[in-house]
Amino acid sequence: MTEYLQRMARYNRWMNVKLFAKVAELPNAAIAEDRDAFFGSILGTLNHIMVADLFWLHRIATNKACHDALAHQLTTFPTPASHRDILFSDFAELTEARERLDALILEFSATLTPKLLAHPMRYRNMAREEYERPLDQLLQHLFNHQTHHRGQVTHMLFHAGIDPGPTDLMRMLMEEDK
């Protein structure tokens, strides 16, 4: 499981670099344009992915089993209040923050151990309901959630006339093999 989650952290960074480069081909107005998507625009959806990542990472960081370094590094990011928050209305600022957050996720994934991944993590959802799940399941959810919403962004890009290119995990693995 450790290797799988580290691979997903690499995929997350790889895909975000590709996706943000494609989004940057659009004018700012097109990035913020309401496209009748669940989070409105490309910018809204990319902000949502970051918001959800921050929610989960904050939950993980406040657990006793995790490193204080994760909690400390998260202080350099805004603290979202809602899953619809727009943390960065400027795409360049969002890109810079995304790069820093992806580096943090990658760094955190390098610290994962089977013992830590099996550790039960208590957290509250947005409705303040309390749950407990092992860390490995929370991280699997984090990466699955990212992929789901990046798929929505690639759809919006395609309809804006930009081919997002290959997005498959296998493509990243083949590039890593070179």
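Residues numbered from 1 in each chain as written. Predicted model: local features only at pLDDT ≥ 70, side-chain atom pairs only at ≥ 80, totals over all residues. Heavy atoms only, no water.

### Side note on the nonpolar core
Note the following rule: As used here, the term nonpolar core means buried Ala, Val, Leu, Ile, Met, Phe, Trp, Tyr and Cys residues forming a set that is joined through side-chain atoms within 4.5 Å. Under the scheme applied here, a residue whose accessible area is under 20% of the maximum for its type counts as buried, over 50% as exposed, and between as partly exposed, the area being computed with a 1.4 Å probe on protein chains only. Comment: elements are numbered from the N terminus, with helices defined as DSSP H or I runs of at least four residues and strands as E runs of at least two. Any two residues whose heavy atoms approach within 4.5 Å are treated as being in contact.
Counting 53 residues, the largest nonpolar core has Ile42, Leu46, Leu74, Leu101 and Leu135 as its most contacted members. The leading source of residues in this core is helix H3 (residues 42-61), at 12 residues. The residues touching Leu135, leaving out its near neighbours within four places in the chain, are Ile60, Phe108, Leu112, Leu116, Leu117, His119 and Met121.

### Things to note about the pairing of strand E1 (residues 120-124)
Note the cut-off: Two strands form a pair only when DSSP identifies at least two bridges running between them.
On E1, burial follows the alternation: Met121 and Tyr123 on one face are buried, whereas Pro120, Arg122 and Arg124 on the facing-out side are not. Looking at chain direction, E1 and strand E2 (residues 130-134) are connected through five bridges and run antiparallel. Each bridged residue has a counterpart across the sheet, and for Pro120 the counterpart in E2 is Pro134. Where E1 hands over to E2, the hairpin turn is made up of five residues, of which Arg128 adopts a positive phi near 70°.

### Regarding the packing of helix H1 (residues 2-23) against helix H5 (residues 91-109)
Applied cut-off: Axis definition: a line fit to C-alpha positions, over the contact stretch in the case of helices; interaxial angles, taken between N-to-C directions, run 0 to 180 degrees. Between 65 and 115 degrees an angle is taken as roughly perpendicular, under 35 as roughly parallel, over 145 as roughly antiparallel, and anywhere else as oblique. Note on convention: the crossing is left-handed when the near helix lies turned anticlockwise from the far helix by less than a right angle, right-handed when the turn is clockwise. Amino acids are sorted into nonpolar (Ala, Val, Leu, Ile, Met, Phe, Trp, Tyr, Cys and Pro), charged (Asp, Glu, Lys and Arg) and polar (every other residue, Gly among them).
It is the contact of H1 with H5, at a shortest axis distance of 9 Å, that shows an interaxial angle of 170°. Comparing the axis directions of H1 and H5 gives the class roughly antiparallel. At the point where H1 passes H5, the crossing takes the left-handed sense. Where H1 abuts H5, its residues Leu5, Gln6, Ala9, Arg10, Asn12, Arg13, Asn16, Phe20 and Val23 lie against Phe91, Leu94, Thr95, Arg98, Asp102, Ile105, Leu106 and Ser109. Tallied by class, the residues present in the contact of H1 with H5 amount to eight nonpolar, five polar and four charged.

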